[in-house]
Amino acid sequence: MDYRKKTVVASVAGLTLEGMDIMFISFAMSMIIAEFHIDMVAGGLISSITNLGMLAGGIIFGILADKFGRVKIFTYTILLFAIGTALTGLAENIEQVYIFRFIAGLGAGGEYGIGMALVAEAWPKNKQGRASSYVSIGAQYGVILAALLSAMILPAWGWRGLFFIGLVPVIFAFIVRKKLDESPVWLASQKKKQLVPKQGNLKQLFSTPRTSVTTIALAIMATVQIAGYNGLMIWLPSMLQQSQGLSVSNSALWTISTAAGMIAGMLTFGQFMDRLGMKRSFGIFLFASAIAVFLYSFASGSAGLLIGGAIVGFFSNGMFAGYGALISNYYPVEIRSTATNTIFNFGRALGGLSPILVGYILQHANVTIAMGYLAVLYCISFIAMVSLKKRKDNQDQNITVSKAV
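Residues numbered from 1 in each chain as written. Predicted model: local features only at pLDDT ≥ 70, side-chain atom pairs only at ≥ 80, totals over all residues. Heavy atoms only, no water.

Q: Looking at this structure, how should I read empty space enclosed by the protein?
A: Taking a probe equal in size to a water molecule and rolling it over the atoms shows the remaining empty space. On inspection of all chains with the given rule, the structure shows 1 cavity of 30 Å³ or more. In this model, the largest cavity occupies a volume close to 40 Å³. If you go around the largest cavity, the residues you meet are Met116, Val119, Ala120, Gln128, Ser132, Gly324 and Ala325. Residue assignment for the lining of the largest cavity shows that the elements contributing at least two residues are helix H4 (94–122), helix H5 (128–136) and helix H13 (323–328). With 3 residues, the single largest contributor to the lining of the largest cavity is H4. Of the residues assigned to the lining of the largest cavity, the class counts are 4 nonpolar, 3 polar and no charged. (1 Å grid on protein atoms, 1.4 Å probe; cavity = no way out; pocket = protein on both sides within 12 Å on 5 of 7 lines; lining within 4 Å. Points joined across faces, edges and corners; volume = space filled by probe spheres on them. Helix = DSSP H or I, 4+ residues; strand = E, 2+ residues; numbered from the N terminus. Nonpolar A, V, L, I, M, F, W, Y, C, P; charged D, E, K, R; others polar.)

Q: Got a minute to help me understand unusual backbone geometry in this structure?
A: Trans peptide bonds make up most of the peptide bonds, and negative phi angles are found at most residues other than glycine. Even without a glycine there, the phi angle at His37 is positive, about 55 degrees. Tracing the backbone through its elements, the reader meets His37 in the loop between helix H1 (3–36) and helix H2 (40–68). Residue classification places His37 among the exposed residues on the basis of a relative accessible area of 72%. (Buried < 20%, exposed > 50% of the residue type's maximum accessible area, 1.4 Å probe, protein only.)

Q: What's the story with the environment of Ala325 in this structure? I'm lost.
A: Checked against the element boundaries, Ala325 lands in helix H13. The exposure class assigned to Ala325 is buried, which follows from its relative accessible area of 4%. Separated by 204 residues in the primary sequence, Ala325 and Glu121 have C-alpha atoms spaced 9.6 Å apart. If we ignore the near neighbours within four places in the chain, the residues touching Ala325 are Gln128, Ser132, Met273 and Met278. (Contact = heavy atoms within 4.5 Å.)

Q: Where do I start with the packing of aromatic side chains in this structure?
A: For any pair of aromatic rings, the description rests on two quantities: the centre-to-centre distance and the angle between the ring planes. The tally for this structure, following the rule as stated, stands at 12 aromatic pairs. When the ring of Phe269 is compared with that of Phe282, the centres are 4.8 Å apart and the planes differ by 75 degrees; the resulting orientation is edge-to-face. Taken together, the residues span a long stretch of sequence, with Phe269 in helix H10 (residues 248–276) and Phe282 in helix H11 (residues 278–296) at a distance of 13 residues. The residues Phe269 and Phe282 share a single accessibility class, namely buried. (Phe/Tyr/Trp six-rings, centres within 6.5 Å; stacked < 30°, edge-to-face > 60°.)

This is a description of form; function is not addressed.
In structure tokens, the structure reads:
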């Protein structure tokens, strides 16, 4: 296996394990609430604290990866979220659950951006879109894996046994460290000693007016991506049960249909990026997402709901595949991990609050207003995307990799 394929495999596996880790909470939530005698608000706080851990981990480990190397820090992030997940199974009260989930979040937040930086630096620009899409689908693999493991482990060993599975990534971390070499692009930047005193400096994300606009625009886009996904996936099944009279089993079928649409959208978006360019691809998908989400509030009938759900998933989450490549291309190698981790995990932390607002809208208005709100978010993201401008020094930095491979 050549170096490029190794970066994709390592990043896919890392994001799969991260997705699995995060979804464990969803499947185990009712048992945790029952055991510790807490209400749903306290239970929901578990996910919020995990998101805050991701933001902190994204910043910390992004800076460290830019200073000390991608692979080394990538390994440490996997170990950290594996340990945090396993410790969750030992928690004696809800306060300890919060602490251990924050630790797991630190590792998960650091892993995403580093893996994406590795892929961006290993693949030529005209293939980064599809490589990024392959990695992004890993999160969906993690959801499926978490569902299968939960079905087998929860009835037999309870929620604690489920979290002990979190030790498995330790084996993966060891393999990564053993088999994957450091990014040749990062090594080349170290040899040239260019901007070494500034490497991994968070201030570089706002070093010039243009860079500041870029950072803010990308943060808005990442926030909308997460807000849209969470708003749709957490509340739509309930919306459909109430507005269309769907049973729980039929709403689960909707979830599968929408997830299938998401995977197809990610693969398609990767191809779009490589053929049409990043801005044009995001523009098409953002515009289509706004229309599809709003029109979906008027869908009816089982076939309409399933097909419409797949279409909404195709456009709204298909874009997720491009964020790693998008952010990486707007920043030089010396701050690439810092930028990717900080921006995307900021979006996770802020966008993760979207279900609260959607729930409020549903309680005081109706489904059409809620879907209209999500459609407006995609329009805001479209405006932010239009403001993006290429770096003047944005050159193909994969020459070094091509020679190494």
